[in-house]
Amino acid sequence: MANRRKIWLGAMLAAFVCVAAVIIAWNFRGEENTIVPPATPKSPPEQERLAKETVEPFVTTDAIRSIDGVLAATFTVKYADNRIQGERVHLRSYNGQLVGPTLRAKPGDVLKIRVDNRLPDIPEASADAINVAHALNSTNIHTHGLHVSPEGNSDNPYRDIKPGQTQEYEIKIPKNHVAGTFWYHPHRHGAVALQVSSGMSGALIIEGGLDDVKEVKAAHERIFLFQQIPFDDKGQVENLPILYDGKPVKHWHETGRFTTINGAALPVITLRPGEVERWRFIHAGVHELITVRLDGHKLHEIATDGIPLGRMAARNGVELQPGNRSDVLIKAGAPGIYLLRDGDLPADGALQASEKPERFLAKVVVAGPAKEMDLPESAALAGFAPFK
């Protein structure tokens, strides 16, 4: 784990540039930084009890696929009412959902995405207040990890879609693009942290490559879009000084909120003994790293950040900084109940040098008749590694 942490340090720092700008900006607004506790804070023992008792179903988000080389999608950005673990939330959203639809395309395809901003117009900071949180209801879209043009109406982070405006994107995926797990989210400077913290993100899958390996193809696939939504006792994510006074990780832990998976807190995953599944992990949160561990099981990693490893690496846990992705294979063990955990870390290993307590992500139930399936040999994966 130590080597992996070093490898992704640069990526971690880059991913947090936008978030850091928002944090710094709110530090100097002079507004009150009192922390308002959530309606139902949960201690670690209470969280573990809830994880063991949960009956929340695992959510599979709607998928939009390319047809004849074109993926056409419309994202309506608006406030929407939803529920997270029974609590009402009122958040900025894509199409009124807690999670955006999963986009599935192939190398050589074109993404034609229409962004329709229906958020209300609100007063903005002055035009030269670059490093102050601003334009909170202006937006755009970024395909995180794709090797595509940033110019014009392609993946251009400088696009500014104000309330009441629309923008047509045309993003051309190169024919030689690697197949893998990616994601999309807003990238409007000044509003990134707020909008992503509200759940404005979704999975983006480029199909091919490892998908065609016999054992991988036979495995059922699940996408895990991890989100850290720090809604307050009114179910909102609005008052950034409460959330970002320079100690975002500390306050995230104090909320007692769960990291959600596809908008659901503590979902139940059911497997049969011996069954193999492919899990695509995407860390779409902005607060704290996630160390994914499954009781009594190895995570057989086959790709990181959309790039095939060219082998299968059996790990006790997978560390995800915000923005990171990991593809793993799971082979279910003996019948029983297992917890998918966000493991604890000492201060010298955590994101902001403060001790990270153990949290809980999901419950895995292994039951029913055995379904013996094979994991691939590393030799079958070797040819997919882009770097030798």
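In what follows, the accompanying structure is described. What you see is a predicted model, and the numbers here were worked out from it, not measured in a lab. (Residues numbered from 1 in each chain as written. Predicted model: local features only at pLDDT ≥ 70, side-chain atom pairs only at ≥ 80, totals over all residues. Heavy atoms only, no water.)

## A few points about unusual backbone geometry
To keep things clear, this is the line we draw: Helix and strand assignments follow DSSP, with helices taken as H or I runs no shorter than four residues and strands as E runs no shorter than two, numbered in order from the N terminus. Each residue is assigned to one of three classes by its accessible area relative to the maximum for its type, calculated with a 1.4 Å probe on protein chains only: buried under 20%, partly exposed between the two thresholds, exposed over 50%.
Phi is positive for Q85, close to 50°, though the residue is something other than glycine. Within the element layout of this structure, Q85 appears in the loop between β3 (70-84) and β4 (87-94). Unlike most non-glycine residues, N262 shows phi in positive territory, near 55°. Checked against the element boundaries, N262 lands in the loop between β12 (260-261) and β13 (267-271). Judged by relative accessible area, which is 7%, N262 ranks as buried.

## Structural notes on helix α4 (residues 44-53)
Filter applied, for reference: Each C-beta atom gives one direction from the helix axis, and the arc is the one those directions make. Note on definitions: a residue-residue contact is assigned when non-hydrogen atoms from the two residues lie within 4.5 Å.
Those residues of α4 not exposed but buried are Q47, L50 and A51. The buried residues of α4 occupy one face: seen down the axis, they fall within an arc of 105°. Summarising the contacts, the buried residues of α4 are in contact with β20 (336-342) and β21 (359-366).

## Quick notes on the packing of aromatic side chains
Here is the rule we go by: Working definition: a ring pair exists when centres of Phe, Tyr or Trp rings (six-membered ring for Trp) sit within 6.5 Å. Plane angles under 30 degrees give stacked, over 60 give edge-to-face, the rest tilted. Any Lys NZ or Arg CZ that is within 6 Å of a ring centre and within 35 degrees of that ring's normal is treated as a charge sitting over the ring.
What the rule picks out here adds up to nine aromatic pairs. Measuring from centroid to centroid gives 5.6 Å for F226 and F281, while their planes differ by 45°, and the two rings are tilted. You can see F226 sitting in strand β11 (residues 220-227) and its partner F281 sitting in strand β14 (residues 276-283), a full 55 residues away along the chain. Exposure class is identical for F226 and F281. Each is buried. A ring pair is formed by W279 and F281, whose centres lie 6.3 Å apart and whose planes are at 55°; its orientation type is tilted. Each member of the pair, W279 as well as F281, carries the same accessibility label: buried. Directly above the aromatic system of F231 lies the positively charged group of R257, at a separation of 3.7 Å from the ring centroid.

## What to know about the layout of surface pockets
Let me state the cut-off plainly: Site definitions follow a grid-based scheme: protein atoms alone, a 1 Å grid, a 1.4 Å probe that fits but cannot get out for cavities, and for pockets an open set with protein on both sides within 12 Å along at least five of seven lines, plus lining residues having an atom within 4 Å of a point. Grid points are joined across faces, edges and corners, and a volume is the space filled by probe spheres set on the points. Gly counts as polar in this scheme, as do all residues outside two lists: the nonpolar Ala, Val, Leu, Ile, Met, Phe, Trp, Tyr, Cys and Pro, and the charged Asp, Glu, Lys and Arg.
The computed volume of the second largest pocket comes to approximately 260 Å³. In terms of residues, the lining of the second largest pocket owes the most to one element, β3, which gives three residues. A per-class count over the lining of the second largest pocket returns seven nonpolar, nine polar and three charged.

## What to know about empty space enclosed by the protein
Taken as a whole and assessed by the stated rule, the structure comprises five cavities of 30 Å³ or more. Of the residues that constitute the lining of the largest cavity, the class distribution is five nonpolar, two polar and three charged.

## Considerations on the side chain of D305
The test is simple: Under the rule applied, a polar contact is a pair of N or O atoms within 3.5 Å (in protein, one hydrogen donor and one hydrogen acceptor; residues adjacent in sequence only if both atoms are side-chain atoms).
Tracing the sequence through the fold places D305 in the loop between β16 (299-304) and β17 (307-315). Reaching out from D305, the side chain makes a polar contact with the side chain of N324 at a distance of 3.4 Å.

## Examining the environment of D121
Looking at the element boundaries, D121 is found in the loop between β6 (110-117) and β7 (142-144). D121 gets classed as exposed once you look at its relative accessible area, which sits at 64%. Each C-alpha atom, one on D121 and one on L136, is 9.4 Å from the other, the two residues being 15 residues apart in sequence.

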